[in-house]
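Summary of structural features
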Amino acid sequence: MTVARILAEKGQEIVTTQPHRTLKEVIELLAAKGIGAVVVADAAMTVLGILSERDVVRVVAGSGAAALEEPVSRHMTPKVTTVTRDTTIDHVMEMMTEGRFRHLPVVEDGRLIGIVSIGDVVKRHVSALDSERQALREYIAAA
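The notes below deal with the structure included here.

Observations regarding the overall build of the protein
The secondary structure content of the protein amounts to 5 helices and 5 strands. For the protein, the α and β elements follow one another from N to C terminus as α-β-α-β-β-α-α-β-β-α. Considering only C-alpha atoms, the protein reaches an extent of 70 × 35 × 25 Å along its principal axes. In the protein, 57% of the contacts between residues at least 6 apart in sequence involve partners at least 24 apart. Here the protein carries 17 positive and 19 negative side-chain charges, and the mean point of each set is 3 Å from the other.

The following block contains the structure:
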């Protein structure tokens, strides 16, 4: 299974923000959308960075509430690991585990086309395991 299948099943809605937005604005966006990270992108949908709930917690813990008025560009992760539609789910899981992150932007021809979360990956992985288990039961029952 590949990232393309996840995007086909979940849709390709992407929540982004601009680098000049404040941390407070992004926190409100995360809360309103019920998501754990937002991609920082320009008008051409080029990935400039990513900001997660973990990033916000670290900033506030280190700098206090005053940091909420600072621009996202000051606190985002600028070197973003990305995947393509053709990346396998197994590889995505490996990347997330090794990198210790829960969100991967999907990029094609330098343009953001989606995002996959650890929740998306786990859901599809469990579904695949259930399908495999059911196929084995049917095979055994037919024998």
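Once the structure has been displayed, the description carries forward.
Concerning the packing of helix H4 (residues 89-99) against helix H5 (residues 118-142)
Orientation of H4 relative to H5, taken along the N-to-C sense of each, is 135 degrees, at an axis distance of 10 Å. Considered as vectors, H4 and H5 are oriented oblique to each other. Remark: the crossing between H4 and H5 carries left-handed chirality. Residues Ile89, Val92, Met93 and Met96 of H4 form the contact with H5, whose own contacting residues are Ile118, Val121 and His125. Taken together, the residues of the contact of H4 with H5 sort by class into 6 nonpolar, 1 polar and no charged.

Looking at the sheet that holds strand S2 (residues 37-41)
Strand order in this open sheet of 3 strands is S1-S2-S3, and the pairing throughout is mixed. The two strands at the open ends of the sheet, each matched to only one other strand, are strand S1 (16-17) and strand S3 (47-52). Here helix H2 (residues 23-33) sits on the sheet in contact with S1, S2 and S3, set at roughly 130 degrees to S2.

Some thoughts on the packing of helix H1 (residues 3-10) against H5
At a minimum axis separation of 11 Å, H1 and H5 run at an interaxial angle of 100 degrees. One way to sum up the angle between H1 and H5 is to call them roughly perpendicular. Contacts from Ile6, Glu9 and Lys10 in H1 reach Asp120, Val121 and Arg124 in H5.

Topic: the pattern of salt bridges
Tallying each qualifying case throughout the model produces 9 salt bridges. Here Arg5 ties to Glu9 by a salt bridge, and the two come within 2.9 Å at their closest N and O atoms. Highlighted residues: Arg5 and Glu9, both in helix H1, separated by 4 residues, approximately one helical turn. For Glu9, a relative accessible area of 43% translates into the label partly exposed. For the salt bridge of Arg74 with Glu70, the shortest nitrogen-to-oxygen distance reads 3.4 Å. We classify Arg74 as exposed; its relative accessible area is 58%.

Scoring rules and cut-offs
- Residues numbered from 1 in each chain as written.
- Predicted model: local features only at pLDDT ≥ 70, side-chain atom pairs only at ≥ 80, totals over all residues.
- Heavy atoms only, no water.
- Helix = DSSP H or I, 4+ residues; strand = E, 2+ residues; numbered from the N terminus.
- Contact = heavy atoms within 4.5 Å.
- Lys, Arg positive; Asp, Glu negative; His and termini not counted.
- Charge placed at Lys NZ, Arg CZ, Asp CG, Glu CD.
- Axes fitted to C-alpha atoms, helices over the stretch in contact; angles between N-to-C directions.
- Parallel < 35°, antiparallel > 145°, perpendicular 65-115°, else oblique.
- Left-handed = near helix turned anticlockwise from the far one by under 90°.
- Nonpolar A, V, L, I, M, F, W, Y, C, P; charged D, E, K, R; others polar.
- Pairing = 2+ DSSP bridges.
- Salt bridge = Lys/Arg side-chain N within 4 Å of Asp/Glu carboxyl O.
- Buried < 20%, exposed > 50% of the residue type's maximum accessible area, 1.4 Å probe, protein only.

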